[in-house]
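Reading the structure
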Protein chains: 2
Amino acid sequence: MPQRQKGEQLTPVQENYLETIFRLETRDGAARASSIAEAAQVSRSTVTGALKALKNMGYVEYSPYSLIYLTEKGKEVGRRIAHRHFVFLAFLEKVLRLDPEKADSTACALEHVVSDDIVKRLGEFVLFLKNCPEFWSDWLEKYEKENLLEKSHTRSTIVEVLGTKQEREQK
Amino acid sequence: MPQRQKGEQLTPVQENYLETIFRLETRDGAARASSIAEAAQVSRSTVTGALKALKNMGYVEYSPYSLIYLTEKGKEVGRRIAHRHFVFLAFLEKVLRLDPEKADSTACALEHVVSDDIVKRLGEFVLFLKNCPEFWSDWLEKYEKENLLEKSHTRSTIVEVLGTKQEREQK
DNA sequence: GTATAAAGTTTTATTGCCCAAACTTTGTGC
DNA sequence: GCACAAAGTTTGGGCAATAAAACTTTATAC
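Reading the values: the criteria
- Residues numbered from 1 in each chain as written.
- Chains lettered and ligands numbered in written order.
- Predicted model: local features only at pLDDT ≥ 70, side-chain atom pairs only at ≥ 80, totals over all residues.
- Heavy atoms only, no water.
- Domains from an automatic or database assignment.
- Contact = heavy atoms within 4.5 Å.
- Buried area = accessible area lost by both parts, 1.4 Å probe.
- Salt bridge = Lys/Arg side-chain N within 4 Å of Asp/Glu carboxyl O.
- Least-squares fit on C-alpha atoms with pLDDT ≥ 70 in both.
- Polar contact = N/O pair within 3.5 Å; in protein donor to acceptor, adjacent residues only side chain to side chain.
- Helix = DSSP H or I, 4+ residues; strand = E, 2+ residues; numbered from the N terminus.
- Expected span 1.5 Å × (residues − 1).
- Buried < 20%, exposed > 50% of the residue type's maximum accessible area, 1.4 Å probe, protein only.
- Axes fitted to C-alpha atoms, helices over the stretch in contact; angles between N-to-C directions.
- Parallel < 35°, antiparallel > 145°, perpendicular 65-115°, else oblique.
- Left-handed = near helix turned anticlockwise from the far one by under 90°.
- Nonpolar A, V, L, I, M, F, W, Y, C, P; charged D, E, K, R; others polar.

Residues and elements named next belong to chain A. Considered domain by domain, chain A is made up of domain 1 (12–76), domain 2 (84–130) and domain 3 (133–170). On the domain 3 side, the residues contacting the 6 residues of domain 2 number 5 residues. Of the roughly 520 Å² buried between domain 2 and domain 3, counting both surfaces, carbon and sulfur atoms make up 64%. Looking only at domain 2, the three residues that lose the most surface to domain 3 are Val95, Arg97 and Leu129, adding up to 78% of its buried area. In this structure, the connection of domain 2 to domain 3 is made through 0 salt bridges.

Right, here's the structure in full:
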């Protein structure tokens, strides 16, 4: 009965619901509570509560048992968060070379704790790197090397040992 | 009275307390509840509760009214989180060129939502970039240009317009 | 059209985090 | 050593997020 969240500010969790609904609506034309629950990995009852709050705040069109649509306000947020996700994903996958699954889950966590201007800067950075061929060849070579090392040993050990040796030789 | 958090897993908030205590202990020799409260921007009573939980979990040495020290286990976590902070800070400040204050607060948010291996990779990346002079000159030049633009206009507007123009000319 | 399954909701409860206010302990100045 | 301030704690409460269980509504199969 507590009819939660009369406040103004969206929480990270709520942002995530809006992003999820945005994706579902884009893909299917509308969102269902059960699809949201599945995508967000929460129970159906939790989704009901979240929808009530988001409706109160003017982010979703929703009445009990109905299909779910974002309002214009909701779409704006959903799109923005999805964009953040996209930018982080690109950085994690293309630059840091994480595997797609890990990159995705990490992007999902990062996307709610940064401001828009930082995401913009990061996006510009990734875009800029795309046009740096000499950078890429060196960086990917380094990446390949370390991946090979990781197969038989914990990388930290080896690199630390090697690093120390080299440093001593330089002195 | 609920004597919270007997569970095993540290929450982001708890990680942050450990990091804070780690810094204070490094700086002052020991942490005080009031310093923790100030650093973490919470009330003193909140800190008391957090300390009880962290003590129960074996991360801090603490008894009512006493000074606060991390256990070995606690130091390990505190140091690890502080390291994450350092890596993110370097990336945000040195690479993305955010102002120090913004970089710091953002690092503080990011540091709790990524795994160690990603931080390691990011650290390697930043380190790698340090030795890429040609990269830096181009990137900083781009950064300077955009900063000039920002002084009089919202950057997005201008860049979007310019970008569109250029794209049309190329076609 | 009715029985049944699926989808959605309500109720109730828990957990984590937080604060204000009232209280207790500790430390400091005189 | 005592009064007082500062530091710390306890009590009581609030809110966001969650789920399980019981319930209701909607859709489906026949």
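So much for the structure itself; the text now carries on.
A word on the relation of the copies chain B and chain A. Overlaying chain B on chain A yields an RMSD of 0.1 Å, the required transformation being a rotation through 180 degrees with an accompanying axial translation of 0.0 Å. These values place the two chain copies in the arrangement generated by a two-fold rotation axis. Residues of chain B ranked by C-alpha distance from the rotation axis are headed by Leu110 of chain B, positioned 3.2 Å from it. In this assembly, 97% of the residues forming the interface of chain B have copies in chain A that are likewise at the interface, indicating an isologous arrangement.

In this section: the interface of chain B and chain A. Each side of the interface is counted separately: chain B has 34 residues, and chain A has 33 residues. Interface area for chain B against chain A, summed over the two sides, is near 2,800 Å², with a carbon-plus-sulfur share of 73%. Area buried by chain B at its contact with chain A is led by Arg121, Phe125 and Phe128 of chain B, which between them contribute 23% of it. Seen at the junction of chain B and chain A, the total is 2 salt bridges. Between Lys102 of chain B and Asp117 of chain A there is a salt bridge; the shortest N-O distance is 3.6 Å. Inspection of the region where chain B meets chain A yields 4 residue pairs in polar contact (both at pLDDT 80 or more).

Further remarks concern helix α1 (residues 12–28) of chain A. All names here are of chain A. The first and last C-alpha atoms of α1 sit 24 Å apart over 17 residues, in line with the 24 Å expected at 1.5 Å per residue. Within the span of α1, buried status applies to Gln14, Glu15, Asn16, Tyr17, Leu18, Glu19, Thr20, Ile21, Phe22, Leu24 and Glu25. If you follow the buried residues of α1, they end up packed against α2 (33–40), α3 (44–56), β1 (60–61), β2 (69–70), α4 (72–95) and α5 (100–110). Phi for Gly29, located one or two positions after α1, is positive at around 95 degrees.

With that settled, the discussion passes to the packing of helix α1 (residues 12–28) of chain B against helix α2 (residues 33–40) of chain B. Residue and element names in this part refer to chain B. Where α1 meets α2, the axes come as close as 10 Å, and the angle between the chain directions of the two elements is 120 degrees. Between α1 and α2, the crossing angle belongs to the class labelled oblique. Classified by chirality, the crossing of α2 by α1 is right-handed. Between α1 and α2, the contacting residues are Tyr17, Thr20, Ile21 and Leu24 on the first element and Ser35, Ile36, Ala39 and Ala40 on the second.

Our focus in this paragraph is the packing of α1 of chain B against helix α3 (residues 44–56) of chain B. All names here are of chain B. Running from amino to carboxyl end, α1 crosses α3 at an angle of 95 degrees, the nearest separation of the two axes being 11 Å. Taken together, the axes of α1 and α3 are roughly perpendicular relative to one another. Taking contact as the criterion, the partners of Gln14, Tyr17, Leu18 and Ile21 in α1 are, on α3, Thr46, Ala50, Leu51, Ala53 and Leu54. Its residues placed into classes, the contact of α1 with α3 shows 7 nonpolar, 2 polar and no charged.

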